[in-house]
Amino acid sequence: MTRHGKNCTAGAVYTYHEKRKDTAASGYGTQSVRLGKDAIKDFDCCCLSLQTCRDPVVTPDGYLYEKQAILEYILHQKTEIAKKMKAYEKQKQTQKSDSRLESKSEERGIAERFKTRENSIVSKPINPFTSGQAKESDSQSVAGTSASTSKAESSAPAAGTSSSQALPSFWIPSLTPEAKPTILKKPSKTVVCPMSGRPLKMNELTNVHFTPLDPSLGRVALLARQERYLCAVTKDTLGNSVPCSVLKPSGAVVTQECVERLIRKDMTDPITGDKLTEKDIIPLQRGGTGFAGSGVGLKAKEARPVMMV
């Protein structure tokens, strides 16, 4: 027995703490790990490339993108939509041609049935002196046909039972299941935002202008620093922990505290002097990567085989 109580191995019961310790050491079970700073996207990085933006633009929902990346994405989506629309139109044309062929075959069948019915009609004149003999011959022929049909009906159940008892040959091509072509649905022509899933247009993108901490620094030296940008009004340092907003007329980035305390009083852009509306103040989305959503208390879970006791 060891001196410390937590390392005691002489107990008859496998405690929860011992199981948790062995689970962490062996790698079995579900491991919960708090995501660190490296797993969260910076507020000034593109949501597509996850790199610091050179020419940033923001959507009406507050997602920041590199201008080149989002324009390439929109053009790619339009190309894909055009391809899907072309395939859908081709399928539509083939369906129309198939329906025309089916309608023509139905018309041909109707015409053939009409011809057979018309050919069975008697068009010869009836002789009144031989009408009795004709009636007798017709009655005999009707009796013969009824007898033949009764024999056929009596023999039909036997054939039906024999066919039902016999198993079908599944290897015959006519009995095997067919792989029918997939029916395409009409694609939507609207391009959606890759993050929010809402419709996105090029003219809705707003250019963003960050205020650098030191204008004399170059781009490489600025990106090497942890604190790079300031609020355009209050000169507070911006970061992931600081809620920010973008003013649409000027594209300036200010803190949410500045918006609530200063800008909302007169609803005027402090950079350009233009009047603002609620749509002109775009809250900037912060945090989140391709693997985790934005928010507080992000956790990653990995399910592993549970160690049986």
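A quick note: this is a predicted structure, and the numbers were derived from the prediction, not measured. Starting from 1, residues in each chain are numbered consecutively following that chain's sequence as written. In view of the model being predicted, local features appear only for residues whose pLDDT reaches at least 70, and side-chain atom pairs are presented and counted only at 80 or more, with totals across whole chains, interfaces and linings using the full set of residues. Hydrogens and water are ignored here; the side-chain numbers use all heavy atoms of the structure.

**Some thoughts on the packing of aromatic side chains**
Inference 1: Between the rings of Phe, Tyr and Trp (Trp by its six-membered ring), a pair exists once the centres lie within 6.5 Å; its type follows the angle of the planes, with under 30 degrees stacked, over 60 edge-to-face, and the other angles tilted. Within the structure shown, the criterion is met by two aromatic pairs.
Inference 2: Measuring from centroid to centroid gives 6.0 Å for Phe43 and Phe210, while their planes differ by 75°, and the two rings are edge-to-face. Within this pair, whereas Phe43 is found in the loop between β1 (31–34) and β2 (56–58), its partner Phe210 is found in the loop between β4 (206–207) and β5 (211–212), the two being separated by 167 residues in sequence.
Inference 3: Accessible area is worked out with a 1.4 Å probe on protein chains only. A residue is then buried under 20% of its type maximum, exposed over 50%, and partly exposed in between. Residue Phe43 is classed as buried on the basis of its relative accessible area of 7%.
Inference 4: Ring-pair connections join several aromatic residues into one group, and the members of that group are Phe43, Phe210 and Tyr229. The secondary structure listing takes helices from DSSP runs of H or I that are at least 4 residues long and strands from runs of E that are at least 2 residues long, numbered from the N terminus.

**Some points on a nonpolar patch on the surface**
Inference 1: Residues forming no salt bridge and having over 30% relative accessible area are the ones grouped into patches, like charges within 9 Å of each other and nonpolar side chains (Val, Leu, Ile, Met, Phe, Trp, Tyr) within 5 Å. Only the protein chains shown count as cover for residues, and all accessible areas are computed by the Shrake-Rupley method using a 1.4 Å probe. We count a salt bridge whenever a side-chain nitrogen from Lys or Arg sits within 4 Å of a carboxyl oxygen from Asp or Glu. Taken together, the side chains of Val233, Leu262 and Ile271 define a hydrophobic patch exposed on the protein surface, amounting to about 230 Å² of accessible area.
Inference 2: Summarising the element assignment, Val233 is placed in the loop between β6 (229–230) and β7 (244–247).

**Topic: the environment of Pro212**
Inference 1: Take Pro212: it is sitting in strand β5.
Inference 2: Spatially, the C-alpha atoms of Pro212 and Leu222 are 8.0 Å apart, while their sequence positions differ by 10 residues.
Inference 3: Contact definition: two residues touch when any of their heavy atoms are within 4.5 Å. Setting aside residues up to four positions removed in sequence, Pro212 forms contacts with Leu222, Arg228, Tyr229 and Leu230.

**Re the nonpolar core**
Inference 1: The nonpolar core is taken to be a set of buried Ala, Val, Leu, Ile, Met, Phe, Trp, Tyr and Cys residues, with the residues joined through side-chain atoms within 4.5 Å. Counting 39 residues, the largest nonpolar core has Tyr65, Ile70 and Val254 as the members making the most contacts within it.
Inference 2: Elements represented by at least two residues in this core include exactly β2, β3 (64–66), α2 (67–119), β7, β8 (253–255), α5 (256–266) and β9 (281–283).
Inference 3: Looking at this core, the element that brings in the most residues is α2, giving five residues.
Inference 4: Contacts of Tyr65, omitting those with residues within four sequence positions, involve Cys46, Cys47, Leu48, Cys53, Asp55, Pro56, Val57, Thr59, Ile70, Cys193, Pro194 and Met195.

**Topic: the pattern of salt bridges**
Note on pairing: side chains with opposite charge can pair once their charged atoms come close.
Inference 1: Overall, the coordinates contain six salt bridges when judged by the stated rule.
Inference 2: A salt bridge links Asp61 to Arg198; its shortest N-O distance comes to 3.2 Å. Of this pair, Asp61 sits in the loop between β2 and β3 while Arg198 sits in the loop between α3 (131–165) and β4, and the two are 137 residues apart along the sequence.
Inference 3: Taking relative accessible area as the criterion, Asp61 reaches 22% and is therefore assigned partly exposed.
Inference 4: Linking Arg264 and Glu278 is a salt bridge whose minimum nitrogen-to-oxygen distance equals 2.9 Å. One end of the pair, Arg264, is in helix α5; the other, Glu278, is in the loop between α5 and β9, and 14 residues separate them in sequence.

**A few points about the pairing of β7**
Inference 1: Alternating positions in β7 separate into two faces, Cys244 and Val246 on one and Ser245 and Leu247 on the other, with burial throughout.
Inference 2: Here β7 runs beside β8; their pairing, made up of three bridges, is antiparallel. Across the sheet, Ser245 pairs through a bridge with Val254, a residue of β8.
Inference 3: Hairpin geometry of β7 and β8 is characterised by an intervening segment of five residues between the two adjacent antiparallel strands and by a positive phi of about 75° at Gly251. When DSSP locates at least two bridges between a pair of strands, those strands are taken to pair.

**Some thoughts on the sheet that holds β4**
Inference 1: An order of β3-β2-β4 is seen for the three strands of this open sheet, with the pairing classed as antiparallel. The open sheet terminates on both sides in strands that have one partner only, identified here as β3 and β4.
Inference 2: Between N-to-C directions, angles span 0 to 180 degrees; the directions come from axes that are lines fitted to C-alpha atoms, helices contributing only their stretch in contact. α2 contacts β2, β3 and β4 of the sheet and is inclined by roughly 85° relative to β3.

**Some details on the confidence of the model for the chain**
Inference 1: A residue's pLDDT is the confidence the predictor assigns to it, expressed on a 0 to 100 scale. With 65% of its residues at a pLDDT of 70 or more, the chain has an overall mean of 76.
Inference 2: Overall, residues 152–163 carries pLDDT values under 50, and its contacts beyond four positions in sequence, including any with other chains, amount to zero contacts.
Inference 3: Contacts from residues 290–296, a stretch scored under 50 in pLDDT, to residues over four places away or in other chains number seven contacts.

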